[in-house]
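# Results of the structural survey
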Amino acid sequence: MSGQENSPIQKLLSSEVKVVNVGLEGFVKDLQDCNVQVVHVEWSPPAGGDPEMAALLAKLGV
Amino acid sequence: MKLIEDANKEALSRILEAEPMLLDVVPAHEAIKGLKERMILHAGPPIKWDKMCGPMRGAVAGAIVFEGWAKDLATAEKMAAGGEIEFHPNHHFNAVGPMTGMTTVSMPVFVVENKRFKNRAYCAMNEGLGKVMRFGGNDESVLNRLRWLRDVFGPEMAKALKHTGPLELKSIVARGLAMGDELHQRNVACSSVFLREIVAAVANVSTDKKVTADVLDFIARNDQFFLNIAMPMAKTMTDPAKGIRGSTVVTAMCRNGTEFGIRVSGTGDQWFTAPVEMPEGLYFPGYSEKDANPDMGDSAIVETVGLGGFAMAASPAVAGFVGAGSPSSAANFTRAMGEITVGQNSEWTIAAMDFAGVPTGIDVRLVVETGMAPTINTGIAHREPGVGQVGAGVVKAPMACFTQAVRAIAKDLGVS
């Protein structure tokens, strides 16, 4: 147990947590409701997750 | 891909080099080649009567009575349904029109010329707020206002513009952006600047004191007056960018209340269409989203040159009016549009963004890759004909238009 208490994750969670949320915005409100500092980064998979379109765009230089 | 990057550079350069000038006001049939009796030009991509939404049908019936092709609205609807009226998009005739976008032979139109490329575009007068034809209004008050615009206001404007000479429009827009306009849902600053430019000329050319007062009062009381000048201005800026092989830059966005359509430089005059979306916004007292008509109008041409929703940061007041949130949210809209455009317009800057230029030249590849559709600020019409505007909001261009365009460009370039 003592090893886990000193693990990096334990250290992180025992100090003040600052969160960068990437993608789904729904998590932001939950964290804000718990008074956790959070910065949201809008992100979604390229071409909405359509691999065929993403490949086509790559060929077109995106 | 170098061919695309070079083509887009050329498209952006042509848009930015534009020198749009307001030249004149003339009856539409004098300016628009091919426009004839029993022909109606409408907003958006091509559409037939049976697919038209309520406000579009209301405006069509009103326009038919206004032109004297039918004695009443009921007869007018029968004519339209019976194939006695030709319908064409404004864009097919170098014209644009907000909301329903009615353009018929005797309506006076602004004539805007891009001095750099010698192309012209046309747009009818803005009728003001309330019950108006662009929102589907068609009662006697609407038609009487149109008659006054045709018989009094249009000719007076024509005389005044001959007196002033051509008016340079880019500088008016630059001043308007600095004064809080985004040129789609807020035009009060540009309308006021335009009034300052034209007021002495109207007073000089008019021979009737009451007419002078009525003409100036009409402009002064219409916060959206300049929209119908900004729209043909924008069209004269994007049209020279049409037809550059490989270019993925959007040259037109418009809606007819049923379908949204875009044109892309590399594919010329081809339309890419998809069903229009519903605007999200704020409603006037007594109305709600149940009353709203889907997205409509050629006015998204202003977003195509970096104004409207793309210039939201210049106009925090609009963010509140269209329900887009706080002034800081307004800046986020402009930043987001910067992700899907190929450049900025250094002549149209936004003070609140450290004088960054408005994001210009929508790249269909970037729209599809990021999943961020162009943001358009818009008025919301009542779904029933004849009622008018019920709110204002923000709407997204449908992603399907952009995916179709990407595939068409890829096909043309032999990429699969």
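Residues numbered from 1 in each chain as written. Chains lettered and ligands numbered in written order. Predicted model: local features only at pLDDT ≥ 70, side-chain atom pairs only at ≥ 80, totals over all residues. Heavy atoms only, no water.

### As for the domain arrangement of chain B
All names here are of chain B. Entries for chain B in the domain assignment read domain 1 (20-231) and domain 2 (241-413). Each partner contributes to the interface: domain 1 provides 42 residues, whereas domain 2 provides 49 residues. Between domain 1 and domain 2 the total buried area reaches about 3300 Å² when both faces are included, carbon and sulfur atoms providing 64% of it. Summed over the three residues of domain 1 that lose the most area to domain 2, namely His91, His184 and Gln185, the buried surface amounts to 20% of that side. In this structure, lysine 170 and glutamate 347 form a salt bridge, with 2.8 Å as the shortest nitrogen-oxygen distance. Counting across the domain 1 and domain 2 interface gives 15 residue pairs in polar contact (both at pLDDT 80 or more). Every element with two or more residues in the side of domain 1 that touches domain 2 is listed here: helix H3 (54-66), helix H6 (169-178) and helix H9 (227-238). For the side of domain 1 that touches domain 2, a count of residues per class yields 19 nonpolar, 16 polar and seven charged. (Domains from an automatic or database assignment. Contact = heavy atoms within 4.5 Å. Buried area = accessible area lost by both parts, 1.4 Å probe. Salt bridge = Lys/Arg side-chain N within 4 Å of Asp/Glu carboxyl O. Polar contact = N/O pair within 3.5 Å; in protein donor to acceptor, adjacent residues only side chain to side chain. Helix = DSSP H or I, 4+ residues; strand = E, 2+ residues; numbered from the N terminus. Nonpolar A, V, L, I, M, F, W, Y, C, P; charged D, E, K, R; others polar.)

### What to know about the interface of chain B and chain A
Many authors give the size of an interface as the accessible area that is lost as the parts come together. Of the residues lining the interface, 15 residues belong to chain B; the matching set on chain A comes to 14 residues. Here chain B meets chain A over a buried area of about 1200 Å², counting both sides, of which 67% is carbon and sulfur. On the chain B side of the interface with chain A, the three residues burying the most area are Arg365, Glu369 and Arg407 of chain B, jointly 40% of the side's total. Along the contact surface separating chain B from chain A lie one salt bridge. One can count five residue pairs in polar contact (both at pLDDT 80 or more) joining chain B with chain A. Counting only elements with at least two residues in the side of chain B that touches chain A, the list comes to helix H1 (2-17), helix H13 (364-370) and helix H14 (399-412) of chain B. A per-element tally of the side of chain B that touches chain A places H13 of chain B first, with five residues. Looking at the side of chain B that touches chain A, its residues break down into eight nonpolar, three polar and four charged.

### Structural notes on the packing of aromatic side chains
Residue and element names in this part refer to chain B. Under the counting rule described, the total for this entry stands at seven aromatic pairs over all chains. Residues phenylalanine 110 and phenylalanine 225 carry aromatic rings whose centres are separated by 5.9 Å and whose planes lie at 90 degrees to one another, so their mutual orientation is edge-to-face. One end of the pair, phenylalanine 110, is in strand S4 (residues 108-114); the other, phenylalanine 225, is in the loop between helix H8 (209-220) and H9, and 115 residues separate them in sequence. Just as phenylalanine 110 is buried, phenylalanine 225 falls in that class too. Between phenylalanine 218 and phenylalanine 225, the ring centres sit 6.5 Å apart and the planes meet at 85 degrees, which makes this aromatic pair edge-to-face. For the pair phenylalanine 218 and phenylalanine 225, one class covers both residues: buried. What links up through ring pairs into an aromatic cluster is the set Phe110, Trp148, Phe153, Phe194, Phe218 and Phe225. Note that arginine 116 overlies the ring of phenylalanine 117, its terminal NZ or CZ placed 4.5 Å from the centroid. (Phe/Tyr/Trp six-rings, centres within 6.5 Å; stacked < 30°, edge-to-face > 60°. Buried < 20%, exposed > 50% of the residue type's maximum accessible area, 1.4 Å probe, protein only. Lys NZ or Arg CZ within 6 Å of the ring centre and 35° of its normal.)

### Things to note about a nonpolar patch on the surface
Residue and element names in this part refer to chain A. On the surface, a cluster of nonpolar side chains totalling about 490 Å² of accessible area is made up of Val20, Val22, Val39, Val41 and Trp43. Looking at the nonpolar patch, the elements that each hand over two or more residues are strand S1 (18-22) and strand S2 (37-41). Relative to the helices and strands, valine 22 is located in strand S1. (Patch = residues over 30% accessible without salt bridge, like charges linked within 9 Å, V, L, I, M, F, W, Y side chains within 5 Å. Areas by Shrake-Rupley, 256 points an atom, 1.4 Å probe, with all protein chains shown as cover.)

### Examining the side chain of glutamate 156 of chain B
Examined against the element boundaries, glutamate 156 of chain B turns out to sit in helix H5 (residues 140-164). Here the side chain of glutamate 156 of chain B touches serine 206 of chain B through a polar contact of 3.5 Å, side chain to side chain.

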